Amino acid sequence: MAIEREHWKNRTSFILAAIGSAVGLGNVWRFPYVAYQSGGGAFLIPYFIALFTAGIPMLVLEMGLGQRLQKAAPEVFGSIRKGLEWFGWWALCLGGGIVVYYSTVLSWSWVYLWHSIKLSWANQEELFFMQEILQRSSGPGEIGAPIWYMVVGMFLTWLSIYLILRKGVRSVEKVIYVTVPLPMILLTILLIRGLTLPGAMDGIRYYLTPDFSMLRNPSIWLRAYGQIFFSLSLAFGVMIAYGSFLDRKSEITNSAFITGLANCGTSFFAGFAVFSMLGYLAKVQGLPLPEVTTSGTGLAFVTYPTAITMLPALNSVIGIVFFITLLTLGIDSAFSLQEAFTAGIRDKWGGSQEKLTLYFTIIAFFISLIFTTRGGFYWFDIVDKWICDFGLVTVGLGQCIIIGYIYNLRDFKDYLNHVSEIHLGAWWIVAIRYVTPVVLFTILIMNVRAEIIETYGGYPRWASVVGGWGVIVLSVILGYFLWRKPIKNNE
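Residues numbered from 1 in each chain as written. Predicted model: local features only at pLDDT ≥ 70, side-chain atom pairs only at ≥ 80, totals over all residues. Heavy atoms only, no water.

Draft legend 1. Summary view of helix α17 (residues 376-406). Compared with an ideal rise of 1.5 Å per residue, which puts 31 residues at 45 Å, α17 spans 41 Å between its outermost C-alpha atoms and is within 8% of the ideal. Of all the bends in α17, the greatest, near 30°, is centred on Ile 387. Burial of α17 is extensive: 25 of the 31 residues sit out of reach of the surface. (Helix = DSSP H or I, 4+ residues; strand = E, 2+ residues; numbered from the N terminus. Expected span 1.5 Å × (residues − 1). Bend = angle between axes of the 7 residues up to and from the residue. Buried < 20%, exposed > 50% of the residue type's maximum accessible area, 1.4 Å probe, protein only.)

Written as structure tokens, this is what we have:
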């Protein structure tokens, strides 16, 4: 039975959806910190080199595959070689795993949005996050029961995802015209407020001051490629699915350039908003700026709230704006990951978009409750580390090998040039066959080596095995199951 495929109403909808998927929470908290740790303004050199030698070439590849074959990742790779359908399912399972734990950060954001009204964290920001909100236990072995307000935040997250996706591409199109530009508006508000504060320019100078000596460190270049690769939603199957909702005459290459540049531009812009506030915080506390910066969740839920508390005015307003920004940044990435998975299901077995979305969100909601427990933060950290640093790096590497050496890459390039406004040259083939695989393989080897030398985060080895390697193996098994599951009544 042929399944009628939905299509974007226009090219603008597709580009906005792609940008919404790529631009996420990592643009606000991870990029500024990585740039600071990697030579400040000097980091922009490997960052943009990585964008043009790996990020945009991979975006072109994934969008083009979906558009040409009109299928989600499993059917795309199955079309290349029958047994490779499993590889596509593995990518989607990893993406599904990401949205399950990614919802945890959105849950925290809902909780903080409520507390922003009265600035409940005032003058005890780290204690508030670790003890009042997370009620963090002594370790991953002490899980405890779900915390009710975290469950409420998780429920709101999955309800939002369901309402956005239940009508398919048409409902997504309505949402992205709000959720994609809104974060930029909110970041602009945060930046304007930050620039009016004493010490703001110290923070921005710290952010932009280049330390060119750092460029001699190979790890800085690998960090730049890693930041580009993960921030563009590559290897999740998302861009393949979104590309498959284009008609076969749609432009690809220029759309990929626009998406990649918009993502990196947002990261760069967010750095100004974050560091202007951190510069103010450093001045008020009388500390060197490195002592107030932090990475990951700490930047969003400890350092930034600290700066908000110390603002001379409009504290609650800025707090509300900041956490609405996190929610709008996160929700687009979250629902794109789920849509990639359900698109794969529809391609193979059909089914109602609304029912598939409902089933996925219900199952994912109950799985995600593990992250709302007192030990949930530890498992969130472990699962995130392994899926991103091991699972997705391996999928990205495999994708380059399959398309670069099994698929007819030169014929594919000619096809893309035929439908696109910007024509690809030999540089694109070099990027797919050589540059990106070498970088990803190096990152993978370094990650494995680091884990052998010392267990990540000081966690017990058993926790890394269960929450890390166990999740990777589970995604492989689930991908194999979906591949081998027969199609019924498809005459």
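Draft legend 2. The arrangement of the confidence of the model for the protein in detail. Averaged over all residues, the pLDDT of the protein is 92; the fraction at 70 or higher stands at 98%. The least confident element of the protein, judged by mean pLDDT, is helix α2 (residues 25-37) at 83; the most confident is helix α7 (residues 148-165) at 97. (pLDDT = per-residue confidence, 0-100.)

Draft legend 3. Focus on the environment of Val 180. Mapped onto the elements of the fold, Val 180 is located in the loop between α8 (169-179) and α9 (181-195). Separated by 163 residues in sequence, Val 180 and Ala 17 have C-alpha atoms that sit 7.8 Å apart.

Draft legend 4. Region of interest: the nonpolar core. The biggest cluster of nonpolar side chains holds 177 residues, and the ones touching the most others in it are Phe 301, Phe 335 and Trp 428. With 18 residues, helix α5 (residues 85-115) is the single largest residue contributor to this core. Dropping the residues within four chain positions of it, Phe 301 is found in contact with Trp 29, Val 105, Trp 108, Ser 109, Tyr 112, Glu 125, Phe 129, Phe 323 and Leu 326. (Core = buried A, V, L, I, M, F, W, Y, C linked by side-chain atoms within 4.5 Å. Contact = heavy atoms within 4.5 Å.)

Draft legend 5. Focus on the pattern of salt bridges. Per the stated rule, a full pass over the model turns up 12 salt bridges. For the salt bridge of Glu 251 with Arg 11, the shortest nitrogen-to-oxygen distance reads 3.3 Å. In this pair, Glu 251 sits in the loop between α12 (238-244) and α13 (253-285) while Arg 11 sits in helix α1 (residues 11-22), placing the two residues 240 residues apart along the sequence. The class of Glu 251 is buried, set by a relative accessible area of 9%. (Salt bridge = Lys/Arg side-chain N within 4 Å of Asp/Glu carboxyl O.)

Draft legend 6. The environment of Leu 474, seen in detail. Looking at the secondary structure, you find Leu 474 in helix α20 (residues 461-484). Under the relative-accessibility criterion, Leu 474 is labelled exposed at 56%.

Draft legend 7. The arrangement of the packing of aromatic side chains in detail. Inspection of every chain in the model, using the stated rule, returns 50 aromatic pairs. Geometrically, the ring pair formed by Tyr 304 and Phe 322 is stacked, given 4.1 Å between the ring centres and 10° between the ring planes. Taken together, the residues span a long stretch of sequence, with Tyr 304 in helix α14 (residues 296-309) and Phe 322 in helix α15 (residues 315-349) at a distance of 18 residues. Residue Phe 322 is classed as buried on the basis of its relative accessible area of 2%. Ring centres 5.5 Å apart and planes at 75° place the aromatic pair Tyr 480 and Trp 483 in the edge-to-face group. Taken as a pair, Tyr 480 and Trp 483 lie in helix α20 at a separation of three residues, close to a single helical turn. Accessibility expressed as a relative area gives 46% for Tyr 480, which makes it partly exposed. Judged by relative accessible area, which is 21%, Trp 483 ranks as partly exposed. (Phe/Tyr/Trp six-rings, centres within 6.5 Å; stacked < 30°, edge-to-face > 60°.)

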